[in-house]
Amino acid sequence: MAEKAKILVQLDTDPLPSVFDRVVAIDAGVEHLLSYGGVTPQNVVPLVHGCIFTRGPQDLHRTAIFIGGSDVQAGEHLLSEVRKHLLPQYGLSVSVMLDSNGANTTAAAAVRVAARHLDLSRARSLVLGGTGPVGQRVVRLLARAGGHVRVGSRQLERAEAVCQRILAQVPGAGIEAVSVASAADAPAALDGRQLVIAAGAPGVVLLPRKIRDKASSLKILIDLNGVPPAGIEGVELNDKGTIRDNIVCYGALGVGSIKMKIHKTAIGKLFQTNNTVLDIEEIYQIALQLDI
């Protein structure tokens with residue numbers, strides 16, 4: 001008997017389900033895509049039950065859930081609620097992936113390209129915009145790899161809060177909050193850093209050229225801002241391992257092509273079993289297996 005069709009159930013916390021996520025799902029080989037917007041922990045239960053009670057346990061690996069939307073925290077809460085209503089003890093479970101705002105796949109792509117050029121277990125990094133959704137995941141991955149990570153923010157208290165959160169997830173992590181509220185803060189924040197990843201708000205210059213040119217230890221610059229001006233001045237959108245001023249540079253589109261590969265591969269992984277949960281660490285492990 002032929003296998004049942006691959007069905008992906010897209011649960012989006014925004015009123016309108018993301019077209020971007022829908023297109024990627026189809027390009028990844030999903031045969032039927034069921035998209036729901038405005039999904040919350042309060043209304044998700046019947047959607048989960050619709051996934052697990054419609055096919056026998058032997059066929060549930062052909063159904064999966066994708067959680068998206070622009071609010072990463074809302075996505076995290078939704079993932080937690082979805083998992084409560086799966087029944088793996090009876091074989092009634094489906095695989096689930098979280099990628100609200102593309103934060104997990106983007107962070108995984110950024111850290112994966114950094115790992116091509118540095119031993120992350122020894123790397124000394126600075127994450128600008130490290131308190132945002134992508135930045136926090138970048139910090140988490142770098143900290144788990146074992147290097148020393150500075151979390152840069154214009155509000156030191158926010159950076160310190162992120163550090164405490166990461167330390168709860170990665171005990172003993174080498175992590176430090178630094179202020180980048182003004183140009184005067186930059187030398188201390190950049191001191192000894194080999195890797196800078198900019199994950200701040202679109203259209204905001206986080207690292208001007210005149211400041212970074214004074215940082216002699218820099219080896220890699222990764223700018224995740226896709227809206228001009230660049231988050232790291234001098235890094236171009238299409239840079240993909242481009243050498244500029246003896247520094248390896250990646251721009252948002254250069255990282256984005258790798259993010260897309262990770263995203264599509266992760267969607268495919270959902271249909272291999274009925275009990276996979278793909279959050280940031282699991283998605284990064286997928287990224288490590290890819291030839292990029």
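A quick note: this is a predicted structure, and the numbers were derived from the prediction, not measured.

Enquirer: Summarise unusual backbone geometry; cite the residues concerned and give the values.
Expert: The step from P228 to P229 runs through a cis peptide bond, and the omega angle for that step is 5°. Assignment of secondary structure puts P229 in the loop between β9 (220–223) and β10 (240–244). Notably, D245 is not glycine yet its phi reads approximately 55°, a positive angle. Its place among the elements puts D245 in the loop between β10 and β11 (247–250). For N246, which is not glycine, the phi torsion reads 65° and is therefore positive. The topology assignment puts N246 in the loop between β10 and β11. By relative accessible area, N246 is classed as exposed at 73%.

Enquirer: Would you mind going over the side chain of S95 in detail, with residue names and values included?
Expert: The residue S95 is located in strand β4 (residues 95–98) in this model. Take S95: its relative accessible area is 0%, and that puts it in the buried class. Only 3.4 Å separates the side chain of S95 from the backbone nitrogen of N275, close enough to count as a polar contact. Polar side-chain contacts of S95 include one of 2.9 Å to the backbone nitrogen of T276. The contacts of S95, once residues within four sequence positions are left out, are T63, A64, I65, L270, T273, N274, N275 and T276.

Enquirer: Could you give me a rundown of the sheet that holds strand β6 (residues 148–153), with the residues and numbers involved?
Expert: In any sheet, the strands associate via hydrogen bonds between backbone groups, in a parallel or an antiparallel arrangement. Spatially, the seven strands line up as an open sheet ordered β7-β6-β5-β8-β9-β11-β10, and their pairing is mixed. If you trace the sheet from one side to the other, it starts and ends with β7 (174–179) and β10, each paired once. If you compare each strand with its neighbour and ignore which way they point, the axes differ by 20° on average. Sheet topology places strand β5 (residues 124–128) next to β6; five bridges connect them, and they run parallel. Counterpart to S125 in the pairing with β6 is V149. Where helix α5 (residues 133–145) meets the sheet, it contacts β5, β6, β7 and β8 (195–198), and its direction lies at approximately 170° from that of β5.

Enquirer: Residues and numbers for helix α3 (residues 72–84), please.
Expert: The first and last C-alpha atoms of α3 sit 19 Å apart over 13 residues, in line with the 18 Å expected at 1.5 Å per residue. Three or more residues of α3 are buried, namely V72, G75, L78, L79, E81 and V82.

Procedures and definitions
- Residues numbered from 1 in each chain as written.
- Predicted model: local features only at pLDDT ≥ 70, side-chain atom pairs only at ≥ 80, totals over all residues.
- Heavy atoms only, no water.
- Helix = DSSP H or I, 4+ residues; strand = E, 2+ residues; numbered from the N terminus.
- Buried < 20%, exposed > 50% of the residue type's maximum accessible area, 1.4 Å probe, protein only.
- Polar contact = N/O pair within 3.5 Å; in protein donor to acceptor, adjacent residues only side chain to side chain.
- Contact = heavy atoms within 4.5 Å.
- Pairing = 2+ DSSP bridges.
- Axes fitted to C-alpha atoms, helices over the stretch in contact; angles between N-to-C directions.
- Expected span 1.5 Å × (residues − 1).

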